[in-house]
Amino acid sequence: MLGNIFAATLFISQVSTAQSLSLWIGIAIFIGGILLMFSHRRSLDEAFEQPISGQKVTFETRKYRRRVVVAGMITSLGIMISAIYWVEEPRAFASLILIILGTLTAILGFAIIDMYSVGLQALARTDEPDRKKLIDEYLKKRQQANTQKDDQG
């Protein structure tokens, strides 16, 4: 009898510890999401400090929107994880876990889209001054080769 009471007390204390842990992890994730929003805003402002083309403006604004949406989802994920502290009914707990998993899947989807978008932009980006130097050097060498052919022929 005493063993059963001890086991029940131990189980309740572990559940309470897990709930407290979920509360603190949720708060940390919430704060992290807010900080991510500020970080993305700062990176957008830094991008606009430099002279950029119209295509680059649209790319940067789309990237900012995607990343702020993800930061908002992370913030809401922190709120949902914190809410585990107060959930006692199994049906509500299961629903909350499913919503958390759905949010994580959406965050992963946005991350993949962002990764491909930024990767394609990096591939499409050309470094104009270096490119112009290479073209000028090629044209000089071509002209030198043509003048050597004319001198020989």
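Refer to the structure above for everything that follows.
## Topic: the packing of helix H2 (residues 54-83) against helix H3 (residues 90-124)
Helix-helix packing is characterised by the crossing angle of the two axes and by the distance between the axes.
At step 1: Where H2 meets H3, the closest approach of the two axes is 10 Å, and the angle between their N-to-C directions is 160 degrees. Relative to H3, the element H2 lies roughly antiparallel. When the axes of H2 and H3 are compared, the crossing they make is left-handed.
At step 2: Its residues placed into classes, the contact of H2 with H3 shows 18 nonpolar, three polar and five charged.

## Observations concerning the pattern of salt bridges
At step 1: By the definition in use, this model includes six salt bridges.
At step 2: In this structure, aspartate 45 engages arginine 41 in a salt bridge whose closest nitrogen and oxygen atoms are separated by 3.5 Å. Residue aspartate 45 and its partner arginine 41 are both found in helix H1 (residues 2-49); the two are separated by four residues, about one turn of the helix.
At step 3: Between lysine 56 and glutamate 60 there is a salt bridge; the shortest N-O distance is 3.7 Å. In this pair, lysine 56 and glutamate 60 both sit in helix H2, four residues apart, roughly one turn of the helix.
At step 4: Note on lysine 56: relative accessible area 23%, which makes it partly exposed.

Reading guide: rules and limits
Residues numbered from 1 in each chain as written. Predicted model: local features only at pLDDT ≥ 70, side-chain atom pairs only at ≥ 80, totals over all residues. Heavy atoms only, no water. Axes fitted to C-alpha atoms, helices over the stretch in contact; angles between N-to-C directions. Helix = DSSP H or I, 4+ residues; strand = E, 2+ residues; numbered from the N terminus. Parallel < 35°, antiparallel > 145°, perpendicular 65-115°, else oblique. Left-handed = near helix turned anticlockwise from the far one by under 90°. Nonpolar A, V, L, I, M, F, W, Y, C, P; charged D, E, K, R; others polar. Salt bridge = Lys/Arg side-chain N within 4 Å of Asp/Glu carboxyl O. Buried < 20%, exposed > 50% of the residue type's maximum accessible area, 1.4 Å probe, protein only.

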